[in-house]
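Close look at the chain arrangement
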There are 2 protein chains.
Amino acid sequence: MTVPYDVEVINVGKSPTKHPVPQHEINRILVSLAREGKTVVRLKGGDPYVFGRGGEEVHACLEAGIDVEVVPGVTSALSVPALAGIPVTQRGVATSLLVTTGHAGADAAAVAAMASGATVVFLMGVKALPGIVEAAQGAGCAATTPVAIIENGTTSRERVTRGTLADISRIARETGVKPPAIIVVGDVARPGLLASAVAATPDPKGD
Amino acid sequence: MTVPYDVEVINVGKSPTKHPVPQHEINRILVSLAREGKTVVRLKGGDPYVFGRGGEEVHACLEAGIDVEVVPGVTSALSVPALAGIPVTQRGVATSLLVTTGHAGADAAAVAAMASGATVVFLMGVKALPGIVEAAQGAGCAATTPVAIIENGTTSRERVTRGTLADISRIARETGVKPPAIIVVGDVARPGLLASAVAATPDPKGD
């Protein structure tokens, strides 16, 4: 990212295991700098309101009497499946889409959505995968329900691992699936949904 | 939109009641022009895979042996609530988000999501609102569950109508809510969630 030389940049970036600057401190910095009369841009990856804690930051600013303009972004919950060839909705296949964090497994809404054939996107769900699978099967989801796991989505290191509720936990273990990854459960994750099996066969020459 | 003078523009735009060019014809145009060797851009509002029928168009192209690059967009399901001050997820308030079409009412996934406290965004749900409310209450949702209806979201004609499951159908009827509108059901639609009631009070001078 290039910014003009006179712009002060404060990195409060998070990684899955490291939150170097706690949320309340981020809120405090935003308010404090705005009160100095500065124009403050809080730049986030994805969409600020899709598990981005943007609401907490806006709340802190509004409570302090500071005006905020929110610019929606492209959430990884939709863009990562899209670039992996998975449409989160598709006429005749899935007419509802649920997005959830997944680090605590599948909540009641996610279980019901999987059971009713909706597409369910789990962010941060790799560690909870066995629990998610168990909850889905306990709710009566077919063992053949497709599951796709997209690691490092949209990057050059992207890897898509596919299976079904019956075998995805074993496959993920065997292939060493690791965070960051997005899990998609539902018929839209079926291999060949967008292209027939013939068209989807990799070129044997590898190009 | 400005495009270079030598770019051929084919308008296949849809409105809620008019689909001047049927989907199969759109698919045919894409394949036909690509086969002529042209670079074809299929420009859509929102995200092509969130009820945008992008999957059907990609499928038609891939089956015809035509490569496709998909560029994710900003879906109105998230951006319209955001610009109306409603964060679709918020720590401690809603940890799952369901998006559904809503023109046929609330499907099983939507009903379960509302009942479990997830945020539910209905696109194209204005006519089905009474049925959505009835389904939610039948599933045990509290009558006090907040509901917001955003007409003409993100435009200068945007209007936000708020209520609860108990009264939103009456309010929508009385205020003459009309499509296009997005309905948000869940605690994130509570007035004052991002700013306290005091801070949210309109300035009496109207500025």
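Owing to the predicted nature of the structure, the values given are computational and were not obtained by experimental measurement.

**Details of a nonpolar patch on the surface**
A cluster of nonpolar side chains, A:Val3, A:Val7 and A:Val9, forms an exposed patch at the surface whose accessible area comes to about 220 Å². Looking at where A:Val9 falls in the secondary structure, it is placed in the segment before helix 1 (23-35).

**Points about the nonpolar core**
By size, the foremost hydrophobic cluster in this structure holds 50 residues, and its most contacted members are B:Met114 and B:Phe122. The element best represented in this core is helix 4 (residues 108-115) of chain B, accounting for 5 residues. Counting residues in hydrophobic clusters, the runner-up holds 38 residues, among them A:Ala84, A:Val88, A:Ala148 and A:Leu193.

**As for the side chain of B:Thr89**
Relative to the elements of secondary structure, B:Thr89 occurs in the loop between helix 3 (76-83) and strand 1 (96-100). Of note is the side chain of B:Thr89, whose polar atom sits 2.8 Å from the backbone nitrogen of A:Phe51. When residues no more than four places from it in sequence are discounted, the contact partners of B:Thr89 are A:Tyr49, A:Val50, A:Phe51, B:Ala94 and B:Leu97.

**As for the domain arrangement of chain A**
When the domains of chain A are assigned, the result is domain 1 (1-73) and domain 2 (76-189). Its C-alpha centre places domain 1 of chain A at a distance of 30 Å from the equivalent point of domain 2 of chain A.

**A short note on the sheet that holds strand 2 (residues 119-123) of chain A**
One key point about sheets: their strands pair by backbone hydrogen bonds, in either a parallel or an antiparallel sense. With respect to topology, 10 strands assemble into an open sheet ordered 4(A)-3(A)-5(A)-2(A)-1(A)-1(B)-2(B)-5(B)-3(B)-4(B), the strand pairing being mixed. Of all the strands in the sheet, just strand 4 (159-164) of chain A together with strand 4 (159-164) of chain B have a single pairing partner and so form its edges. Each strand axis lies, on average, 15° off the axis of its neighbour in the sheet, ignoring direction. In the packing of helix 6 (residues 168-175) of chain B onto the sheet, contacts are made with strand 3 (146-151) and strand 4 of chain B, and the angle to strand 4 of chain B comes to roughly 150°.

**Describing the relation of the copies chain B and chain A**
Of the two same-sequence chains, chain B is brought onto chain A (RMSD 0.0 Å, axial shift 0.0 Å) by a rotation of 180°. On this basis, the relationship between the two copies can be described by a two-fold rotation axis. No C-alpha of chain B lies nearer the rotation axis than that of B:Leu98, which sits 2.1 Å from it.

Parameters at a glance
- Residues numbered from 1 in each chain as written.
- Chains lettered and ligands numbered in written order.
- Predicted model: local features only at pLDDT ≥ 70, side-chain atom pairs only at ≥ 80, totals over all residues.
- Heavy atoms only, no water.
- Patch = residues over 30% accessible without salt bridge, like charges linked within 9 Å, V, L, I, M, F, W, Y side chains within 5 Å.
- Areas by Shrake-Rupley, 256 points an atom, 1.4 Å probe, with all protein chains shown as cover.
- Salt bridge = Lys/Arg side-chain N within 4 Å of Asp/Glu carboxyl O.
- Helix = DSSP H or I, 4+ residues; strand = E, 2+ residues; numbered from the N terminus.
- Core = buried A, V, L, I, M, F, W, Y, C linked by side-chain atoms within 4.5 Å.
- Buried < 20%, exposed > 50% of the residue type's maximum accessible area, 1.4 Å probe, protein only.
- Polar contact = N/O pair within 3.5 Å; in protein donor to acceptor, adjacent residues only side chain to side chain.
- Contact = heavy atoms within 4.5 Å.
- Domains from an automatic or database assignment.
- Pairing = 2+ DSSP bridges.
- Axes fitted to C-alpha atoms, helices over the stretch in contact; angles between N-to-C directions.
- Least-squares fit on C-alpha atoms with pLDDT ≥ 70 in both.

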